[in-house]
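# Fold and contact review
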Amino acid sequence: MMMRNLPKLTVIGAGPGDVDLITLKAIKVLKTADVVLYDALVNDELLSYINPKAEVIFVGKRRGCYSYQQEQINELIVARAKSHGHVVRLKGGDPFIFGRGSEEMEYAAKFGLEVAVVPGISSSLAVPASQNIPLTKRGYSESFWVITGTTKEHKLSSDIALASKSNATVVILMGMGKLSEIVSLFKQENKQDLPVAIIQNGTTSEEKIGIGTVDTIEQIVLENQLENPAIIVLGEVVKHRQELQQVQAQVKTTALV
């Protein structure tokens, strides 16, 4: 008689979008899964790494439509773990950075499931990096904030007002719907000329970017038709991208002489 695995939940971060930016440990765990519940921001190519005998269920949100509510996902995790064994919850980015992975683990633990997490590469770090925007750079920024644009009450996070007063790089996730409010806060701090980058579908083949300032970014969003999923980066570090391009262009020009 075949023995099924003991009830277990492993929450895995799939990384920012590029299939190659998932961790080796995550791939190893996917091969041991009995059930995989995956989100909309997970690259579909990653599904090929899952144990071929596993049940694979899409539980994400696409175009404003929820296939499952969070309470249903929690219940599904417990039910499948008890009936099948090892459930893997595959989430975009890192599951502990606005990913609700901790909530799912707490719920599962209450029902006696063993729980584990495999960290992922957060889009808050990787997406700016993919466009040659460092979050810290000597002479530019000594720290950075990573803030959700919208709280669970669907309001703008009050931390953004605090961040706008600092010299730190500010990275805002899920903030496109609140862009006008965000820009207004930075204008109140006389930061109209602060560089801003907005990166949509970062690290994927559909990646789009708009670069401007606090004063101009809303117009640039309209011109480039930028929308969610996108990351907003505010700070002097955004200049590094153009500065690097200028250095590269000068080197090429010199080489041709």
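See the structure above.
Described in the following lines is the structure provided in the data block. Fair warning: this is a prediction, and the values are worked out from it, not measured in the lab. (Residues numbered from 1 in each chain as written. Predicted model: local features only at pLDDT ≥ 70, side-chain atom pairs only at ≥ 80, totals over all residues. Heavy atoms only, no water.)

A separate point is the side chain of Ser 157. Its place among the elements puts Ser 157 in the loop between β8 (144-148) and α5 (159-164). At a separation of 3.2 Å, a polar atom in the side chain of Ser 157 contacts the main-chain amide nitrogen of Asp 159. Those residues in contact with Ser 157 that lie beyond four places of it in its chain are Ile 147, Thr 148, Gly 149 and Thr 151. (Helix = DSSP H or I, 4+ residues; strand = E, 2+ residues; numbered from the N terminus. Polar contact = N/O pair within 3.5 Å; in protein donor to acceptor, adjacent residues only side chain to side chain. Contact = heavy atoms within 4.5 Å.)

What follows is about helix α4 (residues 123-130). Within α4 the residues assigned to the buried category are Ser 123, Ser 124, Ala 126, Val 127 and Pro 128. In this fold, the buried residues of α4 make contact with β8, β9 (169-173), β10 (195-200) and β12 (230-234). (Buried < 20%, exposed > 50% of the residue type's maximum accessible area, 1.4 Å probe, protein only.)

On to the pattern of salt bridges, then. Two side chains carrying opposite charge are able to pair once their charged atoms lie near each other. Taken as a whole, this structure holds 11 salt bridges when the rule is applied. The partner of Arg 80 in a salt bridge is Glu 55, with the nearest N and O atoms 2.8 Å apart. One end of the pair, Arg 80, is in helix α2 (residues 70-84); the other, Glu 55, is in strand β3 (residues 55-58), with 25 residues separating them in the sequence. The class of Arg 80 is partly exposed, set by a relative accessible area of 22%. Looking at Glu 55, the relative accessible area reads 26%, which means it is partly exposed. Across the pair Glu 104 and Arg 89 runs a salt bridge whose closest N-O atoms are separated by 3.2 Å. In this pair, Glu 104 sits in helix α3 (residues 101-110) while Arg 89 sits in strand β6 (residues 86-91), placing the two residues 15 residues apart along the sequence. (Salt bridge = Lys/Arg side-chain N within 4 Å of Asp/Glu carboxyl O.)

Across the sheet, which stays open at both edges, the 5 strands sit in the order β3-β2-β6-β1-β7 with parallel pairing between neighbours. The two strands at the open ends of the sheet, each matched to only one other strand, are β3 and β7 (114-118). Taken pair by pair, the neighbouring strands of this sheet meet at an average axis angle of 15 degrees, ignoring direction. Two elements, strand β1 (residues 8-13) and β7, share 5 bridges in a ladder whose sense is parallel. Residue pairing for β7: Lys 8 is matched across the bridge by Glu 114. Where α2 meets the sheet, it contacts β1, β2 (35-38), β3 and β6, and its direction lies at approximately 145 degrees from that of β6. (Pairing = 2+ DSSP bridges. Axes fitted to C-alpha atoms, helices over the stretch in contact; angles between N-to-C directions.)

It is worth spelling out the pairing of β10 at this point. Buried residues dominate β10, accounting for 6 of its 6 residues. In β10, alternate side chains face the same way, and those of Pro 195, Ala 197 and Ile 199 on one face and Val 196, Ile 198 and Gln 200 on the other are all buried. For β10 and strand β11 (residues 208-213), the ladder comprises 6 bridges, and the chain directions are antiparallel. Along β11, the bridge assignment pairs Pro 195 with Thr 213. By the bridge criterion, 5 bridges tie β10 to β12 in an arrangement that is antiparallel. Of the residues in β12, the one forming a bridge with Ile 199 is Ile 231.

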